[in-house]
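# Fold and contact review
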Amino acid sequence: MMKILADENMPYVQQLFGDLGTIETVNGRELTPEQVNDADVLLVRSVTKVNQALLAENNQLKFVGSATIGTDHIDVEYLASRNIPFSNAPGCNATAVGEFAFIAMLELAQRFNSPLKGKVVGIVGAGNTGTAVAKCLEAYGIEVLLNDPLLEESGDPRSFVSLDTLIEKCDVISLHVPITKTGEHKTWYLFDESRLNKLAENCWLLNCCRGEVIDNCALINFKQQRDDVKVVLDVWEGEPNPMPELVPYVEFCTPHIAGYSLEGKARGTYMLYQKLAEVLKIEADKQMDSLLPPLWSEQVNVQEISDERALLQLARFVYNLRDDDELFRKMFLNKQGFDHMRKNHTHRREFSALKVGNTGQTNVNWLSNLGFSGVEL
Ligand SMILES: NC(=O)c1ccc[n+]([C@@H]2O[C@H](COP(=O)([O-])OP(=O)(O)OC[C@H]3O[C@@H](n4cnc5c(N)ncnc54)[C@H](O)[C@@H]3O)[C@@H](O)[C@H]2O)c1
Ligand SMILES: O=C(O)[C@H](O)[C@H](O)COP(=O)(O)O
C-alpha cells in the first residue's frame with residue numbers, strides 16, 4: 001500500500017486518493033523530513049517548502065503535487081535532478097481570484113462613493129488569474145489595460161501596454177504575477193518606492209498574487225503621505241506574519257484566501273489526482289463535479305441590476321469580503337492567527353454556483369458573462 005502524505009488543508013483527498021493508498025494528513029507549514037521519509041506521494045499547498053532539506057532522506061517518492069497555481073515554494077530543479085515527477089495545478093483557482101478582485105473593487109467603490117463604472121483598470125500579469133479578473137470587468141463594461149511583457153513577447157494576440165503607461169493611465173491596478181527574483185522581468189518588489197510614488201491620484205492598488213511583489217515597508221511610508229491611494233491586500237510580505245504597522249493603512253485585509261473558493265480548491269486536488277493517475281498509468285475514473293455540494297440556494301431572482309450597489313448586493317450573496325476583513329483585524333496578531341483563519345476559512349462558492357432568475361423586463365444577460373448561472377430573459 002502506498003503512503004500518501006497530504007496537507008490537512010486540502011479538501012477531497014480521501015475521496016480522490018483513498019483507493020490508491022493510506023492517507024496521512026499533516027500541517028503543511030510544519031512538515032519535517034522525518035514525516036516525509038517513508039512517503040510515496042507528497043501532496044502540498046503553498047506553505048510547504050519542498051526542497052533537498054525536506055526530501056534528501058526519502059528514496060521512494062513517486063510523485064510530488066502542489067494543489068496551487070504558484071510554484072515558488074517548490075525546488076523544481078531538485079525534483080527534476082532526482083527524476084521525481086512534479087505537478088502543480090495551473091489555473092485551478094483563477095476564477096476565485098478573478099471574482100475576489102472584482103468584488104473587492106465593488107466594495108471599494110461603495111465605501112468611497114466612487115463608482116467602478118467608468119474607471120480604467122490595469123492588470124499586471126495577464127495569465128490565468130489576471131485574465132479571470134479582466135473577464136469579470138469586461139462583462140461589466142469596464143475598460144481594461146493589460147501589462148505582461150512575457151506574453152507580449154510570446155505573440156499573445158491581445159493588446160498590451162508598458163507598466164509605466166498602465167500606472168499613468170489606470171484608476172485601479174490589480175497585480176497577478178508570479179514571484180520571481182531574477183531576470184529582466186523579475187517581480188520581487190516590482191512595486192517599490194519609486195513605482196508607488198508614480199501611482200495616480202486616488203488610485204486603487206490590489207495585490208492578490210504574492211506579498212513581496214510590493215515592498216511592504218515602502219508601502220507603509222507611501223501610505224503615510226498618500227492617503228488618497230486605497231489598497232487591498234490578500235497577500236503580505238513575510239506571511240504568516242504581516243507587518244502590523246501596515247494593516248491600518250489597508251482598506252480590505254485578507255489572509256491569502258483570494259483563491260479559496262470551494263471549486264478552486266477542489267479543482268486543485270482533482271488536477272493532482274489526474275496527474276498522479278498519469279504517472280502511475282492508471283485510469284482516473286473519479287469525476288470532480290460529484291465532489292461539490294449543490295447550489296446553496298435554489299435561485300436568486302432579480303428584476304434588474306439598477307445600479308452598482310445592486311450588483312454588489314448580488315456579489316455579497318456569494319462572498320462578503322467585509323466579514324473576512326473584520327476577522328483579519330481581530331485575529332492576525334494572535335499566535336498562528338493568520339494560518340488559523342486560512343484553515344478555518346469557509347470556502348465561498350464561485351458565481352457559477354448561484355442561479356440567477358430574471359423576473360423583470362430589463363436585460364440582465366450580462367450577468368452570465370460575469371459567471372452566474374441560469375440567467376435568461
Ligand atoms: N492569493 C491567492 O490566493 C492566489 C491564488 C492563485 C495564484 N496566486 C498567485 O498569483 C500568481 C499568478 O497566477 P496566474 O494563475 O495568473 O499565473 P499565470 O502563470 O497564469 O500568469 C502569470 C502571468 O504573469 C506574467 N508575468 C511574469 N512576470 C511579469 C512581469 N514582470 N510583469 C508583468 N507580467 C509578468 C507571466 O507572463 C504570466 O502571463 C501565481 O504565481 C501565484 O503566486 C495567488
Ligand atoms: O498559488 C496559489 O494557488 C495560491 O496562492 C493558493 O491559493 C494558496 O493557498 P495555499 O496553498 O497556501 O492553501
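Residues numbered from 1 in each chain as written. Chains lettered and ligands numbered in written order. Predicted model: local features only at pLDDT ≥ 70, side-chain atom pairs only at ≥ 80, totals over all residues. Heavy atoms only, no water.

## Considerations on the overall build of the protein
Within the protein, the regular secondary structure consists of 15 helices and 13 strands. Computed over its C-alpha atoms, the radius of gyration of the protein comes to 21 Å, within 12% of the 21 Å expected for a compact globule of 377 residues. When the backbone C-alpha atoms are referred to their principal axes, the protein occupies close to 60 × 50 × 45 Å. Partitioning the intrachain contacts of the protein with sequence separation of at least 6 by distance along the chain shows that 63% fall at a separation of at least 24. Accessible area of the protein: about 16700 Å², with a carbon and sulfur share of 46%. (Helix = DSSP H or I, 4+ residues; strand = E, 2+ residues; numbered from the N terminus. Rg over C-alpha atoms; globule rule 2.2 N^0.38 Å. Contact = heavy atoms within 4.5 Å. Areas by Shrake-Rupley, 256 points an atom, 1.4 Å probe, with all protein chains shown as cover.)

## Brief notes about the layout of surface pockets
Roughly 460 Å³ of internal volume is contained in the second largest pocket. If you go around the second largest pocket, you meet 21 residues; those closest to its centre are S46, K49, D72, R210 and E212. In terms of domain composition, the lining of the second largest pocket takes at least three residues from each of domain 1 (2-88) and domain 2 (93-253). (1 Å grid on protein atoms, 1.4 Å probe; cavity = no way out; pocket = protein on both sides within 12 Å on 5 of 7 lines; lining within 4 Å. Points joined across faces, edges and corners; volume = space filled by probe spheres on them. Domains from an automatic or database assignment.)

## Notes on the packing of aromatic side chains
Where two aromatic rings form a pair, the distance of their centres and the angle of their planes describe that pair. The full count for this structure, using the stated rule, is 10 aromatic pairs. Residues F17 and Y273 carry aromatic rings whose centres are separated by 6.0 Å and whose planes lie at 85° to one another, so their mutual orientation is edge-to-face. Note that F17 is positioned in helix α1 (residues 13-17) and Y273 in helix α11 (residues 262-280), a separation of 256 residues in sequence. Of the two residues, F17 and Y273, both sit in the buried class. Where F328 meets F338, the ring centres are 6.3 Å apart and the plane angle is 80°; that geometry is what we call edge-to-face. Placement of the pair is F328 in helix α13 (residues 321-331) and F338 in helix α14 (residues 337-343), with a sequence separation of 10 residues. There is no split in this pair, since F328 and F338 are both buried. One aromatic cluster in this structure is built from W236, F328, F332 and F338. Against the face of Y260 rests K265, its NZ or CZ located 3.8 Å from the ring centre. The lysine or arginine in question, R348, covers the ring of Y319, its NZ or CZ lying 4.8 Å from the ring centre. (Phe/Tyr/Trp six-rings, centres within 6.5 Å; stacked < 30°, edge-to-face > 60°. Buried < 20%, exposed > 50% of the residue type's maximum accessible area, 1.4 Å probe, protein only. Lys NZ or Arg CZ within 6 Å of the ring centre and 35° of its normal.)

## Some words on the side chain of N88
Its location among the elements puts N88 in the loop between β5 (86-87) and α5 (94-111). Setting aside residues no more than four positions away along its own chain, N88 makes contact with S66, T68, I69, T71 and L272.

## Examining the confidence of the model for the protein
Model confidence for the protein is summarised by a mean pLDDT of 96, while 99% of its residues fall at 70 or above. Reported confidence for the predicted complex is 0.99 by ipTM and 0.97 by pTM. (pLDDT = per-residue confidence, 0-100.)

## Overview of the site of ligand 1
Around ligand 1 sit 28 residues, and of these N128, T129, D148, H185 and D234 come closest. Contacts to ligand 1 include N128, whose backbone N or O atom sits 2.8 Å from an oxygen atom. Between ligand 1 and D234 there is a distance of 2.8 Å, counted from a nitrogen atom to a side-chain nitrogen or oxygen. Protein chains bury 88% of the 860 Å² of accessible surface belonging to ligand 1 in isolation. Listing elements by their share of the shell around ligand 1, those giving two or more residues are α6 (128-139) and α7 (149-153). (Near = heavy atom within 4 Å. Polar contact = N/O pair within 3.5 Å; in protein donor to acceptor, adjacent residues only side chain to side chain.)

## So, unusual backbone geometry
For the peptide bond that leads from E239 to P240, omega is 10°, which places it in the cis range. For P240, the location among the structural elements is in the loop between β10 (230-233) and β11 (252-253). Not every positive phi belongs to a glycine, and N83 is a case in point at roughly 55°. Locating N83 in the fold gives a position in the loop between α4 (76-81) and β5. Given a relative accessible area of 69%, N83 falls into the exposed group. Phi is positive for Q336, close to 55°, though the residue is something other than glycine. Position of Q336 relative to the elements: it lies in the loop between α13 and α14.

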